[in-house]
Amino acid sequence: MPMWTLRLDSGPRRVNHAAAAVNHLIFSFGGYCTGDDYSRRRPIDVHVFNTVSLKWKKLPEVEKHDPSFRCVPFMRYGHSAIAYNDNIYIFGGRNDPDGACNELYCFQTSTFKWCLPKPSGDIPPARDGHSVCLIKNKMYVFGGYEDESQCFSNSVHKLNIDKMRWKKLECKGRPAHWRDFHSAVTIGQYMYIFGGRSDLNGPVFTNMEFYSNELAVFDTKNKTWTQPAISRNRPIGRRSHSAFVYKDNMYIFGGYNRVTNQHFDTIHKFDTKAMEWSKVKVQGVLKPCQRRRQCCVMMDSKLIMFGGTSPTSKSTSIDHLQDMDDLYILDFEPSLKTLCQLVVIENNLDTYLLPRELRIEITNMISSNSL
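Rules behind the numbers
- Just so you know, the residues in each chain are numbered from 1, in the order the chain's sequence is written.
- The predicted nature of this model means local features are confined to residues of pLDDT at least 70 and side-chain atom pairs, given and counted, to a pLDDT of 80 or more, with totals for whole chains, interfaces and linings taken over all residues.
- Side-chain descriptors were evaluated using all non-hydrogen atoms of the structure, hydrogens and water having been removed beforehand.
- Secondary structure is summarised from DSSP: a helix means a run of H or I of at least four residues, a strand means a run of E of at least two, and numbering begins at the N terminus for each.
- What makes two residues a contact is simply this: any of their non-hydrogen atoms within 4.5 Å.
- Nonpolar cores are built from buried Ala, Val, Leu, Ile, Met, Phe, Trp, Tyr and Cys residues. Side-chain atoms within 4.5 Å join them into one set.
- Exposed residues in this analysis have more than 50% of their type's maximum accessible area, buried residues have under 20%, and partly exposed residues fall in between, with area computed by a 1.4 Å probe over protein chains only.
- Pairing between strands requires that DSSP locate at least two bridges from one strand to the other.
- Helix axes are fitted to C-alpha atoms over the stretch in contact, other axes to C-alpha atoms as well, and angles between N-to-C directions run from 0 to 180 degrees.

**Some details on the environment of I230**
Now for step 1: Tracing the sequence through the fold places I230 in the loop between β25 (224-226) and β26 (242-246).
Now for step 2: In this view, I230 contacts L215, F270, M275 and W277; residues no more than four positions away in its chain are not counted.

**Overview of the nonpolar core**
Now for step 1: Grouped together as the largest cluster of nonpolar side chains are 27 residues, with contacts concentrated most on F27, F29, V46, I88, F107 and W114.
Now for step 2: Secondary structure elements with two or more residues in this core: β2 (18-22), β3 (25-29), β4 (46-50), β7 (87-91) and β10 (104-108).
Now for step 3: Setting aside its immediate chain neighbours within four residues, F27 contacts A18, A19, A20, V22, V46, H47, V48, I88, F107, T109 and F112.

**A short note on the sheet that holds strand β31 (residues 276-279)**
Now for step 1: Read from one edge to the other, the open sheet built from 4 strands follows the order β26-β27-β30-β31, with strand pairing classed as antiparallel. A single partner strand is all that each edge strand has here, and the edge strands are β26 and β31. Direction aside, neighbouring strands of the sheet carry axes that sit 25° apart on average.
Now for step 2: Both strand β27 (residues 249-253) and strand β30 (residues 267-271) contribute to a ladder of 4 bridges, which runs antiparallel. Across the sheet, residue F253 finds its bridge partner in β30, namely I267.

**Description of the environment of P228**
Now for step 1: Its place among the elements puts P228 in the loop between β25 and β26.
Now for step 2: Through-space distance from the C-alpha of P228 to that of L215 is 6.8 Å; in sequence the pair is 13 residues apart.
Now for step 3: With sequence-adjacent residues up to four places away left out, P228 is seen in contact with L215, V217 and M275.

**Considering the sheet that holds β4**
Now for step 1: Spatially, β2-β3-β4-β5 is the arrangement adopted by the 4 strands of the open sheet, whose pairing is antiparallel. Either end of the sheet is taken by a strand with one partner, and the two such strands are β2 and β5 (55-58). Ignoring strand direction, the axes of neighbouring strands in this sheet form an average angle of 20°.
Now for step 2: Here β4 runs beside β5; their pairing, made up of 4 bridges, is antiparallel. Its bridge partner being in β5, V48 is matched across the sheet by K57.

Note that all results are geometric; they support no functional claim without further evidence.
Written as structure tokens, this is what we have:
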């Protein structure tokens, strides 16, 4: 049974950022924080979380005289990040002075340097709030809000990373609805789309928002859309949630529904074999609060979740939000040692008779705001 096993504070306070993992490091790119000045163009910031030392580090900004400065993306939110061959590719996103972007950027984790690939083909229009998935050496971009047409999108673009060539796919079947700030994951050759913000009047935003809880599945091999008939236990539609995969099942966490004015802190599982939803019972007393616009990254059997924005304790209104700087780890396979430590901590048991090394570990867990 999954268990929240660690909480850390004082990380980067970020909303609508993007992150990807390479080896034991998680790289977080951009986003924004309420109250900061985003009226001018500046280089995107990069924060790195070391999953071994459990420490955050902000990388130095690239100086203007550095030859790679021209390759650094501008500070943005609503963008995407995926890792391939120890490089991380950033696509899309927007900020106030520049609007949306359709440049593809590459961050080289071996050197901490940026480069600017020059892909050819059907380059997607500038957008934010889209999703990106990786299957082998292919990157798939779905949906988002297109800047030039001022419309929601439901197109699928594929980038062959090795050949650096874009292609807009001609898809069969009933396509997923136009939307932004949804989630997408891949399992095998299939891309699973859930949630997001849509409009009752079609692709044009008319402030008639709706949040579908229908699951859409895209077969990347046959380029075909399907919408499985699932009637039971479907989670409420939402946007700005997170989706992740563990043992070929899809999970979603958090999110927000403006129509019902709800933020969420629950985890739901979609079983891709049984084709059914269920609400996950999670152990651990220090679970994350309700939130949206956070980042979630899977590393082996652990989910690392950080940042986002949450309603204050006084109100659940969208007008009373606080940006978060915390980080949580959800362990799907907690070790016996971890379980024993958690039992001691949760029940405030005397550790005097425990081995010295174990007492020290438990003391460190308590001092680092873990369970």
